[in-house]
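The residues making up each chain are set out below.
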Amino acid sequence: IIVSSDKSSLKSGQTAVITFTLSEGSTDFAIGDIQATGGTLSALTTVSATSYNAIFTPTPSSTITATFNVAGNTFTDAAGNNNTAAAQLSISVDTVAPTANFSPITTPTSTSINIIQINFSEAIIGFDSTDLTLTRNGNAVSLNSISVTTLNTYSYTINNLASANSIDGTYVLTLNASGSGVTDN
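None of the values given here were measured: they were computed from a predicted structure. (Residues numbered from 1 in each chain as written. Predicted model: local features only at pLDDT ≥ 70, side-chain atom pairs only at ≥ 80, totals over all residues. Heavy atoms only, no water.)

A. Local environment of the packing of aromatic side chains. Across all of its chains, the model carries 7 aromatic pairs by this definition. Relative to F75, the ring of F29 has its centre 4.8 Å away and its plane inclined at 70°; by these criteria the two rings are edge-to-face. With F29 in the loop between β3 (16-21) and β4 (34-37) and F75 in the loop between β7 (66-70) and β8 (89-94), this residue pair connects regions lying 46 residues apart in the sequence. Summarising the burial analysis for this pair, F29 and F75 share the class buried. Judged by centre distance (5.1 Å) and plane angle (65°), the rings of F127 and Y156 are edge-to-face. Of this pair, F127 sits in the loop between β11 (124-125) and β12 (132-136) while Y156 sits in strand β15 (residues 155-159), placing them 29 residues apart in sequence. (Phe/Tyr/Trp six-rings, centres within 6.5 Å; stacked < 30°, edge-to-face > 60°. Helix = DSSP H or I, 4+ residues; strand = E, 2+ residues; numbered from the N terminus. Buried < 20%, exposed > 50% of the residue type's maximum accessible area, 1.4 Å probe, protein only.)

B. Representation of the nonpolar core. I18, F20, F29, F68 and V70 are the most contacted members of the largest nonpolar core, which totals 21 residues. Listed by contribution, the elements that provide at least two residues to this core are β3, β6 (51-58), β7 and β8. Discounting residues that sit within four places of it in the chain, F29 has contacts with I1, F20, L22, I34, L44, Y52, V70 and F75. (Core = buried A, V, L, I, M, F, W, Y, C linked by side-chain atoms within 4.5 Å. Contact = heavy atoms within 4.5 Å.)

C. Quick peek at the sheet that holds strand β9 (residues 100-102). Spatially, 4 strands are ordered β9-β10-β15-β14 in an open sheet, and the strand pairing comes out antiparallel. Because the sheet does not close on itself, it has two edges, and the strands there are β9 and β14 (147-150). Between one strand axis and the next, the sheet turns by 25° as a mean value, whatever way the strands run. The pairing of strand β10 (residues 116-120) with β15 spans 4 bridges and is classified as antiparallel. When the sheet's bridge partners are listed, I118 is paired in β15 with Y156. (Pairing = 2+ DSSP bridges. Axes fitted to C-alpha atoms, helices over the stretch in contact; angles between N-to-C directions.)

Function cannot be read off these values alone, since they describe shape.
Right, here's the structure in full:
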């Protein structure tokens, strides 16, 4: 039996199609014959007498490598012969969401803050100014004039903030996780 996947690595929200290719047809190959770690294997479907597909969903908030094993003597071919063990398949998994930290700001301050650095816990893609909201005393403030500069895949600067925080008040800058384009790289 040969075990293969349509993906070599998985991130949060992704699934993989795991294919099991038998050397001969079987009438009793079942999902219980497969040992999967690092997530959940489901929806075993017969593609042909010698080919089966299943969907693998990785465990949330995990970096445990997914493995797939089919031990010997777990199913038979049409003649009643036991299968031989499959070579283990491994898929790397990273479903841990990146975290972010803004550079510290001394408060209160009597001057506008122009630049803030944001550092992520791992390399990310998709971060831009639309992933941020700024409020003053609980009311939304336009961020149309700010820009984001990439320092590296972990760190960014948020520039020209002074144009958005020059009026006295309590400001809160928020990175919007939900609906943002930020994903780990």
